[in-house]
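Structural description and commentary
Chain by chain, the residues run as shown.
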Amino acid sequence: MSASDQPPLKLPPLRFARPVPTPRPVTIPGAPQPAEIDLARTALVIVDMQNDFLEPDGWFPRLGVDPAPLLAIVPTLQALAAATRAAGLPVIFVNWGVRADRAELSAPLLAKASGAGTRPVYADPSVEGRGRILVEGDWGAATIDALAPEPGDLVVHKHRLSGFHDNELDSILRNRGIDTLLFSGVNIDRCVFSTLCDASFRGYGCLLVEDACATVSPAYVSDAILFLVRQLYGVTLSSGDLMAALADQPQQ
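My aim in this report is to walk through the structure given alongside it, one point at a time. (Residues numbered from 1 in each chain as written. Predicted model: local features only at pLDDT ≥ 70, side-chain atom pairs only at ≥ 80, totals over all residues. Heavy atoms only, no water.)

With seven of seven residues buried, strand 6 (residues 180-186) is to be regarded as a mostly interior element. Here strand 6 shows no split at all, with T180, L182, S184 and V186 on one side and L181, F183 and G185 on the other all buried. Where strand 3 (residues 42-47) lies against strand 6, six bridges are found, and the strand directions are parallel. Opposite V45, over in strand 6, you have F183 as the bridge partner. Summarising the sheet, strand 6 and strand 7 (residues 205-214) pair through six bridges and their orientation is parallel. (Buried < 20%, exposed > 50% of the residue type's maximum accessible area, 1.4 Å probe, protein only. Helix = DSSP H or I, 4+ residues; strand = E, 2+ residues; numbered from the N terminus. Pairing = 2+ DSSP bridges.)

Below, the structure written as structure tokens:
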């Protein structure tokens, strides 16, 4: 019997049907109005809590930027991440992590970030023993020890202000059936807001956790971001109200 005469193999069906999680709706106080979300389809996004922005040897502090306003939210983020994990929601760290050769970074972007060549920039050498500035895999791009990702958390690297630009974040979220995002981290007026805007453009529900975000910019800048989120993109809420809603959920 030739190979062409062999009976066809009986293959099992390809399973394209995906499990539908049991809805877990909650309503959380927010501004300008309460928000109803499905916890089964929601994730916490923590943006840019990285050594190069927050540690004394990091890029920003060595440029003279005071990290104190950014570090002030660490206890809130610790509590929020723990409550999120306990309630069974994914925790996703979205961090700068550029190529060592900067091949993905445009000349205008590098010129702006370096002050037209007057200060160190992405992938330049950092302090001895600290590798290169915000290069994926080096010390500067790592999340600070106080918020180190735990098993089951996800880490996604970016190379623009938006965490959705030219990377896998959107695919990761859609593969997990996530359609609502809780935003936290730094800086509220830079990478947090840029990522939130892109999320909104892609159809995600967007909630900004006000006291889990910070910036080194003047206070009026944060006020403007809160106004814009409430006016155009979603709602803002407090970590206390969010954690109260999560605490009412069965432990996962």
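Attention now moves to the nonpolar core. One finds M49, Y122, L181, F183 and L208 to be the most contacted residues of the largest nonpolar core, which totals 77 residues. In this structure, Y122 is in contact with W59, W96, V98, R102, L105, L109, L110, A113, I133 and L134, ignoring residues within four places of it in sequence. (Core = buried A, V, L, I, M, F, W, Y, C linked by side-chain atoms within 4.5 Å. Contact = heavy atoms within 4.5 Å.)

Before going further, it helps to examine the environment of P12. Of note, P12 is situated in the segment before strand 1 (25-28). Each C-alpha atom, one on P12 and one on G129, is 54 Å from the other, the two residues being 117 residues apart in sequence.

Scanning all chains against the criterion turns up seven aromatic pairs. Aromatic pair W96 and Y122: ring centres 4.8 Å apart, planes at 20 degrees, arrangement stacked. Here W96, found in strand 4 (residues 91-96), pairs with Y122, found in the loop between helix 5 (107-113) and strand 5 (154-158); they are 26 residues apart in sequence, far enough to count as distant. Each of the two residues, W96 as well as Y122, counts as buried. The rings of F53, W59, F60, W96 and Y122 are connected pair by pair, giving a single aromatic cluster. In this arrangement the basic side chain of R130 is found over the ring face of W139, its NZ or CZ atom lying 4.1 Å from the centre. (Phe/Tyr/Trp six-rings, centres within 6.5 Å; stacked < 30°, edge-to-face > 60°. Lys NZ or Arg CZ within 6 Å of the ring centre and 35° of its normal.)

Let us look at the sheet that holds strand 5. One open sheet holds the six strands; their spatial order is 5-4-3-6-7-8, and the pairing between them is parallel. The sheet is open, and its two edges are formed by strand 5 and strand 8 (234-237), each paired on a single side. Here the strands of the sheet are splayed against their neighbours by 25 degrees on average, with no regard to which way each runs. Strand contacts of helix 7 (residues 188-201): strand 3, strand 4, strand 5, strand 6 and strand 7, with the helix running at about 165 degrees to strand 6, the strand carrying the most contacts. (Axes fitted to C-alpha atoms, helices over the stretch in contact; angles between N-to-C directions.)

Taken as a whole and assessed by the stated rule, the structure comprises 12 salt bridges. For K158, the salt bridge identified is with D48, shortest N-O distance 3.2 Å. Of this pair, K158 sits in strand 5 while D48 sits in the loop between strand 3 and helix 1 (51-54); the two residues are 110 residues apart in sequence, bridging distant segments of the chain. The exposure classification of K158 matches that of D48, with both residues buried. The structure contains a network of salt bridges with shared partners spanning R85, E150 and D153. (Salt bridge = Lys/Arg side-chain N within 4 Å of Asp/Glu carboxyl O.)

This part covers the pairing of strand 2 (residues 35-38). For a regular strand, side-chain orientation follows a simple rule: the groups alternate between the two sheet faces. Pairing analysis gives four bridges linking strand 1 to strand 2, with the strands arranged antiparallel. Paired with V26 across the two strands is I37, which belongs to strand 2. Between strand 1 and strand 2, which pair antiparallel in sequence order, lie six residues.

Within helix 9 (residues 239-247) the residues assigned to the buried category are S239, L242, A245 and L246. What you see down the axis of helix 9 is that its buried residues fit within an arc of 130 degrees, all on one side. Contacts made by the buried residues of helix 9 are with strand 1, helix 4 (74-86), strand 6, strand 7 and strand 8. (Arc of directions from axis to C-beta.)

Two quantities define a packed helix pair, namely the angle between the axes and the distance from one axis to the other. At a minimum axis distance of 11 Å, the contact between helix 7 and helix 8 (residues 219-233) shows a crossing angle of 5 degrees. For the element pair helix 7 / helix 8, the angle class is roughly parallel. Between helix 7 and helix 8, the residues in contact are I188, D189, F193, L196, C197, S200 and F201 and V221, S222, I225, L226, L228, V229 and Y233, respectively. The class makeup of the residues in the contact of helix 7 with helix 8 is 11 nonpolar, two polar and one charged. (Parallel < 35°, antiparallel > 145°, perpendicular 65-115°, else oblique. Nonpolar A, V, L, I, M, F, W, Y, C, P; charged D, E, K, R; others polar.)

Function cannot be inferred from these measures alone, as they are strictly geometric.
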